[in-house]
Amino acid sequence: MKNFLNISDFSSADLREIIDQAMQRKKNRDGFNKSSPDKDEPLKGKTMIMIFEKPSTRTRLSFDIAVKQLGGSTITLDPNNTHYGKGDETLRDTAKVMSEYADVIMLRTSSHKNLDEFASHLSIPLINGLSDLSHPCQIMSDIFTFEEVKGSIENKKISWLGDGNNNMSNSLIEASAKFNFKLTLGCPKKYSPGKKILTWAKKNNADLEIFTDPKKAAAGADCIMTDKWISMNDKVNQKQKKKILKSYQVNSKIMKLAKPDAIFMHCLPVGRNEEVTDEVIDGKRSVVWLQSLNRVHAQKSIINWCIG
Ligand code: CP
Ligand code: NVA
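An account of the accompanying structure is given in this report. (Residues numbered from 1 in each chain as written. Chains lettered and ligands numbered in written order. Predicted model: local features only at pLDDT ≥ 70, side-chain atom pairs only at ≥ 80, totals over all residues. Heavy atoms only, no water.)

1. Digging into the overall build of the protein
Inference 1: Looking only at helices and strands, one finds 12 helices and nine strands in the protein.
Inference 2: The globule rule puts the C-alpha radius of gyration for 308 residues at 19 Å, and the 19 Å found for the protein is close to it.
Inference 3: Burial status across the protein gives 55% buried among its 308 residues.
Inference 4: Taking the intrachain contacts of the protein between residues at least 6 apart in sequence as the baseline, contacts between residues at least 24 apart amount to 74%.
Inference 5: Accessible surface, the protein: about 13900 Å² in total, of which carbon and sulfur atoms supply 50%.
Inference 6: Of the charged side chains in the protein, 47 are positive and 37 negative, and the gap between their average positions amounts to 6 Å. (Helix = DSSP H or I, 4+ residues; strand = E, 2+ residues; numbered from the N terminus. Rg over C-alpha atoms; globule rule 2.2 N^0.38 Å. Buried < 20%, exposed > 50% of the residue type's maximum accessible area, 1.4 Å probe, protein only. Contact = heavy atoms within 4.5 Å. Areas by Shrake-Rupley, 256 points an atom, 1.4 Å probe, with all protein chains shown as cover. Lys, Arg positive; Asp, Glu negative; His and termini not counted. Charge placed at Lys NZ, Arg CZ, Asp CG, Glu CD.)

2. Some remarks on the pairing of strand 6 (residues 182-186)
Inference 1: The element strand 6 is largely enclosed, with a buried count of four among its five residues.
Inference 2: Of the pairings in the sheet, the one linking strand 6 to strand 7 (residues 207-211) comprises five bridges and is parallel in character. In the strand pairing of strand 7, Leu-183 is matched with Leu-208.
Inference 3: A crossover connection joins strand 6 to the parallel strand 7 through helix 7 (residues 195-203); in handedness this β-α-β unit is right-handed. (Pairing = 2+ DSSP bridges. Right-handed = clockwise from strand over helix to strand, strands pointing away.)

3. Focus: the pattern of salt bridges
Inference 1: Scanning all chains against the criterion turns up 17 salt bridges.
Inference 2: Between Glu-148 and Lys-26 there is a salt bridge; the shortest N-O distance is 2.8 Å. Of the two residues, Glu-148 sits in helix 5 (residues 136-150) while Lys-26 sits in helix 1 (residues 12-28), which places them 122 residues apart along the sequence.
Inference 3: Residue Asp-38 is joined to Lys-300 by a salt bridge in which the shortest nitrogen-to-oxygen separation is 2.9 Å. (Salt bridge = Lys/Arg side-chain N within 4 Å of Asp/Glu carboxyl O.)

4. Things to note about the environment of Thr-199
Inference 1: With respect to the secondary-structure elements, Thr-199 resides in helix 7.
Inference 2: Here Thr-199 falls in the exposed class, since its relative accessible area comes to 52%.
Inference 3: In this structure, the C-alpha to C-alpha distance between Thr-199 and Pro-125, residues 74 residues apart in sequence, is 28 Å.

5. Description of the site of ligand 1
Inference 1: Ligand 1 sits among Ser-56, Thr-57, Arg-58, Thr-59, Arg-108, His-135, Gln-138, Cys-267, Leu-268 and Arg-295.
Inference 2: His-135 has a polar side-chain atom sitting 2.9 Å from an oxygen atom of ligand 1.
Inference 3: Within the backbone of Cys-267, an N or O atom sits 3.0 Å from a nitrogen atom of ligand 1.
Inference 4: For ligand 1, the protein covers 96% of the area, taking 260 Å² as the surface of the free molecule.
Inference 5: The class makeup of the residues in the shell around ligand 1 is two nonpolar, five polar and three charged. (Near = heavy atom within 4 Å. Polar contact = N/O pair within 3.5 Å; in protein donor to acceptor, adjacent residues only side chain to side chain. Nonpolar A, V, L, I, M, F, W, Y, C, P; charged D, E, K, R; others polar.)

6. Let's talk about the site of ligand 2
Inference 1: Close to ligand 2 lie Leu-130, His-135, Asn-166, Asn-167, Asp-227, Ser-231, Met-232, Cys-267 and Leu-268.
Inference 2: Contact between ligand 2 and Asp-227: a nitrogen atom at 2.6 Å from a side-chain N or O atom of the residue.
Inference 3: Backbone polar atom of Met-232 to an oxygen atom of ligand 2: 2.8 Å apart, as the coordinates give it.
Inference 4: Its residues placed into classes, the shell around ligand 2 shows four nonpolar, four polar and one charged.

7. Some points on the packing of aromatic side chains
Inference 1: Going through the model one piece at a time under the given rule, you end up with three aromatic pairs.
Inference 2: Considering the side-chain rings of Phe-4 and Phe-10, the 4.9 Å spacing of their centres and the 20 degrees angle between planes classify their relative orientation as stacked. Phe-10 shares its class with Phe-4; the two are buried.
Inference 3: Here Tyr-84 and Phe-118 contribute two aromatic rings whose centre-to-centre distance is 5.8 Å and whose plane-to-plane angle is 80 degrees, an arrangement assigned as edge-to-face. Of this pair, Tyr-84 sits in the loop between strand 2 (73-77) and helix 3 (91-101) while Phe-118 sits in helix 4 (residues 112-121), and the two are 34 residues apart along the sequence.
Inference 4: Given a relative accessible area of 9%, Tyr-84 falls into the buried group.
Inference 5: The lysine or arginine in question, Arg-60, covers the ring of Phe-52, its NZ or CZ lying 4.4 Å from the ring centre. (Phe/Tyr/Trp six-rings, centres within 6.5 Å; stacked < 30°, edge-to-face > 60°. Lys NZ or Arg CZ within 6 Å of the ring centre and 35° of its normal.)

See below:
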């Protein structure tokens, strides 16, 4: 049984296989209706339970459509009206019951510890649909999108600007080591990557450079990425954090420092005219809507890989 909790848990070869199969499966359904099942329907008769401790638009919809395209069905649960590790039932018992009903679970959680604990009691695969520490499904889709638009990501330069210490930047750092691309982060000291991820990056030979000057991080990049300055459940002084991150905004001046054919990526939801200007996100070099669509294709491959 395989879980999909962090990019760092996998070999480069396994991650490459997941991306390549996603690419193949997307090509195979060229011309199909949006929710028509793939010819082989590998999830026929199978169910995914989705649990969201936090809001979601893309993850909820893209997993739902992914499972439909694989021929299966989904059940979405709100932890507030489910016995989900509350006083009346342990997480262990909830996990055992869900293992009887379904074939795979996707959990979006405020605490990564919940993923680890839930996984330890499940006898079916668990997929991380975003935690406070990582967002592996989004980064896998983003690798897929980058390669669909620009070819192999190996040895390319990706620049991440803004909050360098959140779930997205952690998963991107893990991906840089696994997919062999150069990653430059432009972020203030206060929002630089944490010690744990930096130690992991060093041990795994990630080609990582951190700059406090966003211009240096963006120079010559093949892709500029950013994320919301205030993440869900980010318990910070929002006004102060936005003020500190102001000079890390992705705008047309920053885009001019990247390669002329560089693309702009954002996982969405976006803080418009905060971390990125309308001009950039709505501009020709932005691939954000394709990123949303490709969540479906990358996640189909992740689900297939987990279910085997
Ligand atoms: N990018 C992403 O995970 O979006 P949602 O929060 O809408 O799921
Ligand atoms: N860092 C953001 C990502 C949203 C998909 C958050 O956790 O809110």
